[in-house]
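Residue-level structure breakdown
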Amino acid sequence: MELSKPANRPTKTPLGLPKGWFWDVDPAKLDLEKHAKQIIERVLVVGALEGWRAIRRHYGDERLRSVVTQLRSISPQNVALLCLALGLRKEDFRCCTAKPFPQAPWIY
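These lines cover the structure that appears in this document, whether it is placed above or below. (Residues numbered from 1 in each chain as written. Predicted model: local features only at pLDDT ≥ 70, side-chain atom pairs only at ≥ 80, totals over all residues. Heavy atoms only, no water.)

A word on the environment of Glu62. Structurally, Glu62 can be placed in helix H2 (residues 49-68). Along the sequence, Glu62 and Leu86 sit 24 residues apart, while their C-alpha atoms lie 8.3 Å from each other. (Helix = DSSP H or I, 4+ residues; strand = E, 2+ residues; numbered from the N terminus.)

Take the packing of helix H1 (residues 36-46) against H2 next. In the contact formed by H1 and H2, the axes pass within 10 Å of each other and the chain directions differ by 115°. For the pair H1 and H2, the sense of crossing is left-handed. Residue-level contacts link Ala36, Lys37, Ile39, Ile40, Val43 and Leu44 of H1 to Gly51, Trp52, Ile55, Tyr59, Arg63, Leu64, Val67 and Val68 of H2. Partitioned by chemical class, the residues of the contact of H1 with H2 number eleven nonpolar, one polar and two charged. (Axes fitted to C-alpha atoms, helices over the stretch in contact; angles between N-to-C directions. Left-handed = near helix turned anticlockwise from the far one by under 90°. Contact = heavy atoms within 4.5 Å. Nonpolar A, V, L, I, M, F, W, Y, C, P; charged D, E, K, R; others polar.)

Running from amino to carboxyl end, H2 crosses helix H3 (residues 76-86) at an angle of 90°, the nearest separation of the two axes being 11 Å. Compared by their axis directions, H2 and H3 come out roughly perpendicular. Packed against H2, whose contacting residues are Trp52, Arg56, Asp61, Leu64, Arg65 and Val68, the element H3 presents Leu82, Ala85 and Leu86 at the interface. Considering only residue class, the contact of H2 with H3 consists of six nonpolar, no polar and three charged. (Parallel < 35°, antiparallel > 145°, perpendicular 65-115°, else oblique.)

Structure follows, in structure tokens:
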């Protein structure tokens, strides 16, 4: 009986990011332009310097500025990093300036 060989699955995404960072999608189907927001957001969540370097090299600072300032949820540490790295202010971020939904009235 011959054992079947494991499928040749990529261990990295197209940008060279670890496949494990994108556990919820098929890395082979990631489109770097179409899924730019998702890729950038995932790298910020994972928080690894190698990922930051890869997305900055690929997308450039201008594209990063336009994407990260529109994200709804970024940790305070990442906001501070992005302010320093991309020359932004805290007030430039949607996550820092968006007003929360008003509290729903209780109906008794």
